[in-house]
Structure formats: C-alpha cells, structure tokens
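Overview (structure and organization)
Here is how the chains run, residue by residue.
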Amino acid sequence: MAAMLYLLNFFKIVFASMAMYRVCAGSENTKKLSIALHAQAFPSENLIVGSVMTTSGLKRALLRTENIRMVRIFYPFHYEGLFSEQWDALIIEGWFEMITSTIHEVRRISPNVMILYWCLDPDFPSLFNIMSLDVNGFLTNSKSVQAALLRVAPTELVYLAADLDDMAVSTHRWD
C-alpha cells in the first residue's frame with residue numbers, strides 16, 4: 001500500500017508540473033490530462049505479460065486522481081486512437097521494436113507531450129539503447145539504473161506496486 005501511495009504522490013507532482021507548464025504555454029485546458037500508456041506486448045490468454053500488469057495497474061491508479069481526463073493503454077501494432085488524440089503524457093513500460101517510431105509519431109501529433117520511459121530491464125535491449133531514447137525522463141525501480149539514467153535525463157526511483165484486487169489469492173482449485 002505504501003508503494004502505491006508513493007507512486008500516486010509522484011504522479012501528482014508530475015501532473016502539477018505539467019499543469020503549470022501548460023498554463024505558462026497558454027493552453028486553455030489546464031485541469032484534466034490525457035495520458036497514454038504503452039505496454040511492451042499485447043496481452044494474451046496464454047501468456048502473462050508483466051508490462052500489461054504494470055500498465056493496467058498504473059491506469060487504475062491514475063484514474064483515481066482528480067486531474068485525469070483519460071488514460072488509454074496501447075501495445076505494439078495496436079494503436080487505434082494513439083495518433084488521433086492530443087496527449088499530455090506518454091509513459092512507456094518496456095522496450096519494443098518500433099519504440100523510436102512510436103515516440104516520433106506521438107511527438108509529431110502532440111508536440112508538448114511529456115514522454116517517460118519506465119526502465120524495469122536495463123539489459124533489454126541495452127542500457128545504452130535505452131539512454132538514447134527521445135524521452136523527457138525515466139522511471140526505474142533500481143538505484144544503480146537510476147544513477148546511470150540520471151546522466152542523460154531526469155530519473156525517478158519508483159518501486160512497482162501490486163494492485164491488491166488483481167493480485168488477490170485465488171480460492172479456485174485447478175484440479
């Protein structure tokens with residue numbers, strides 16, 4: 001529970017900063033934010049994908065805050081609506097093959113978007129490749145990765161938190 005509260009407090013700070021930026025930039029809509037989340041892979045019935053769990057939990061956490069207009073989750077090759085909306089933030093969890101093109105297109109459509117990359121695996125594809133991404137900042141759950149990423153962009157240490165509703169112990173017997 002403490003980790004989830006920390007995460008929500010961190011994002012409240014991020015959103016307050018974004019709202020101040022939008023006021024200074026002259027944007028009329030300074031109250032509600034549109035957030036795009038990008039998972040590493042499309043969910044499947046036969047495969048548990050960690051980044052899907054992370055982005056789903058993050059979506060629920062973000063929707064609990066009062067200054068969010070919309071949160072949508074996207075996946076590689078599943079982009080319906082991503083390029084037709086003005087996004088305030090894009091949070092990418094996990095590297096995927098066309099990450100550079102996706103970032104470029106989101107910036108083209110939403111020039112003032114803040115893009116964060118959540119680095120949970122510095123070895124995939126490599127920390128060097130991750131550090132070269134055109135993002136405004138990084139999130140990570142590793143102090144050593146944070147130290148490396150801080151050399152190129154603001155980086156926040158944010159521990160993952162399990163959503164207790166999703167991760168509840170099942171009483172179902174799988175005989």
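Here, the structure is the one placed above.
So, a few notes on the structure that sits alongside this text. Since this is a predicted model, take the numbers as computed values, not measurements. (Residues numbered from 1 in each chain as written. Predicted model: local features only at pLDDT ≥ 70, side-chain atom pairs only at ≥ 80, totals over all residues. Heavy atoms only, no water.)

**Re the overall build of the protein chain**
Rules: Runs of E in the DSSP output that reach at least two residues are strands. Runs of H or I that reach at least four are helices, and both are numbered from the N terminus. Here the term buried applies to any residue with accessible area under 20% of the maximum for its type, exposed to any over 50%, and partly exposed to those in between, with areas from a 1.4 Å probe on protein chains only. Residue contacts are counted whenever heavy atoms from the two residues lie within 4.5 Å of one another. Using the Shrake-Rupley algorithm and a 1.4 Å probe, accessible areas are obtained, with residue cover drawn only from the displayed protein chains.
Within the protein chain, the secondary structure is distributed over 5 helices and 6 strands. Counting the 175 residues in the protein chain, one finds 45% classified as buried. For the protein chain, the proportion of contacts with a sequence separation of at least 24, taken over those separated by at least 6, is 53%. Of the roughly 10,100 Å² of accessible surface on the protein chain, a fraction of 57% belongs to carbon and sulfur atoms.

**Section: the pairing of strand E3 (residues 89-93)**
Under the convention used in this document: Being paired, for any two strands, means DSSP has found at least two bridges between them.
Here E3 lies mainly inside the structure; 5 of its 5 residues are buried. A two-sided burial pattern is seen for E3, the buried positions comprising Ala89, Ile91 and Glu93 on one face and Leu90 and Ile92 on the other. Pairing geometry for strand E1 (residues 33-38) and E3, over 4 bridges, is parallel. Pairing of isoleucine 35 across the sheet is with alanine 89, part of E3.

**Here's the deal with helix H3 (residues 99-109)**
For clarity, the cut-off: Picture the helix axis, draw a direction to every C-beta atom, and the arc is the one those directions span.
Listed in full, the buried residues belonging to H3 are Ile99, Thr102, Ile103, Val106 and Arg107. For H3, the buried positions fall inside an angular range of 130° around the axis, keeping them on one side. Residues of H3 that are exposed and point more than 90 degrees away from the buried face comprise Thr100 and Arg108. Those residues of H3 hidden inside the fold are in contact with E1, E3 and strand E4 (114-119).

**Topic: the environment of threonine 100**
As for its position among the elements, threonine 100 is in helix H3. Along the chain, threonine 100 and aspartate 134 lie 34 residues apart, while their C-alpha atoms are 7.6 Å from each other.

**Side note on the nonpolar core**
Quick note on the threshold: Nine residue types can take part in a nonpolar core, namely buried Ala, Val, Leu, Ile, Met, Phe, Trp, Tyr and Cys, and a core is a set of them joined through side-chain atoms within 4.5 Å.
Residues Ile92 and Tyr117 are the most contacted members of the largest nonpolar core, which totals 24 residues. Broken down by secondary-structure element, the contributors of at least two residues to this core are strand E2 (68-74), E3, H3, E4 and helix H5 (143-149). Ala39, Val49, Tyr75 and Ala89 belong to the second-largest nonpolar core, a separate cluster that totals 18 residues.

**Section: helix H2 (residues 50-63)**
What counts, and what does not: By this rule the span expected of a helix is its residue count minus one, scaled by 1.5 Å.
Between its terminal C-alpha atoms H2 stretches 20 Å, which fits the 20 Å expected from 14 residues at 1.5 Å a residue. For H2, every residue scored as buried is listed here: Ser51, Val52, Thr54, Thr55, Ser56, Gly57, Leu58, Ala61 and Leu62.

**Brief notes about the environment of threonine 140**
Note the following rule: Counted as a polar contact is a pair of N or O atoms within 3.5 Å, where, for protein atoms, one must be capable of donating a hydrogen and the other of accepting one, and residues adjacent in sequence contribute only when both atoms are in side chains.
Its place among the elements puts threonine 140 in strand E5 (residues 137-140). Non-local contacts of threonine 140, meaning those with residues more than four positions away in its chain, are made with Trp118, Cys119, Val145, Gln146, Thr155, Glu156, Leu157 and Val158. Of the polar contacts made by the side chain of threonine 140, one reaches the backbone nitrogen of serine 142; its length is 3.3 Å.

Worth remembering: the numbers are spatial, not functional.
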